[in-house]
Amino acid sequence: MNEKFFALPAQRRQAVINAGYRVFSQNPYKKSPMGEIAAEAGISKSLLFYYFQNKRELYLYLWENCVDTTIRYMNEYGCYEQHDLFEMLYRGMQAKIHILRKYPYMGAFSVRAFYERDPQVHMDIHETYQKYKSHGVHSILTRLDPEQFIEGLDLSMMYRQMVLATEGYLWEMMQESVDVEKMERDFVEMIGFWKQIYLRKKEDEK
């Protein structure tokens, strides 16, 4: 990638990034036209190829930006410092809503990229995903107190179910225009539901 891309004003860089996220989130990798990304970003196609050698380079840059941005905002919102799973989920939701205000199609891009099977990008995406996932999940699960949850609950399976439910909801929402206020309301309701079914009841509540 041409380092002059990073020398652009932040607003111009964000326009290219958002155009890439929008086009790649709505099309398979192979059918995503670079010309459409360039036009939406307000630059020529030749200039886009000046910044990024080819489509693969742009796609993988967007994926890395997605990972780095998510981790940065999750840290800023104190998600990884929490010992209460549901407080961590709530803060994570706030972080992701903040991200969606800046990059409206980043969530949809990340889900589509995860399921992309094109050999040009598939292995790179999954190598990065597995690296961050294994560290993140282990860190979260080791901080949980099993006594908080119903007896015999498989915490790893519970967390996986929450992640899959969240990804499915996000994908469904991204098929329409993004409504972050509705997303926040729905996630608060979802977290409340998980608390009801997974947390151990206190003696005075039985």
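Right, let's talk about the packing of helix α1 (residues 10–26) against helix α2 (residues 34–41) for a bit. Between α1 and α2, whose axes approach to 8 Å, the crossing angle comes to 140°. Between α1 and α2, the angle falls in the class oblique. For the crossing formed where α1 meets α2, the hand is right-handed. The residues of α2 that touch α1, namely those facing A15, V16, A19, G20, R22, V23 and F24, are E36, I37, E40 and A41. In terms of residue class, the contact of α1 with α2 is built from seven nonpolar, one polar and three charged.

With that settled, consider the environment of T69. With respect to the element layout, T69 can be found in helix α4 (residues 55–76). Considered as a pair, T69 and K96 are 27 residues apart in the sequence and their alpha carbons are 9.6 Å apart.

This paragraph deals with the packing of α4 against helix α5 (residues 85–102). Relative orientation of the contacting elements α4 and α5 amounts to 130°, with a least axis distance of 9 Å. Here α4 is positioned oblique relative to α5, judged by the angle of their axes. In this structure, α4 crosses over α5, and the sense of that crossing is right-handed. Here T69, T70, Y73 and M74 of α4 come into contact with α5, specifically with G92, A95, H98, I99 and K102. Here the residues of the contact of α4 with α5 sort into four nonpolar, four polar and one charged.

Rules used throughout
- Residues numbered from 1 in each chain as written.
- Predicted model: local features only at pLDDT ≥ 70, side-chain atom pairs only at ≥ 80, totals over all residues.
- Heavy atoms only, no water.
- Axes fitted to C-alpha atoms, helices over the stretch in contact; angles between N-to-C directions.
- Helix = DSSP H or I, 4+ residues; strand = E, 2+ residues; numbered from the N terminus.
- Parallel < 35°, antiparallel > 145°, perpendicular 65-115°, else oblique.
- Left-handed = near helix turned anticlockwise from the far one by under 90°.
- Contact = heavy atoms within 4.5 Å.
- Nonpolar A, V, L, I, M, F, W, Y, C, P; charged D, E, K, R; others polar.

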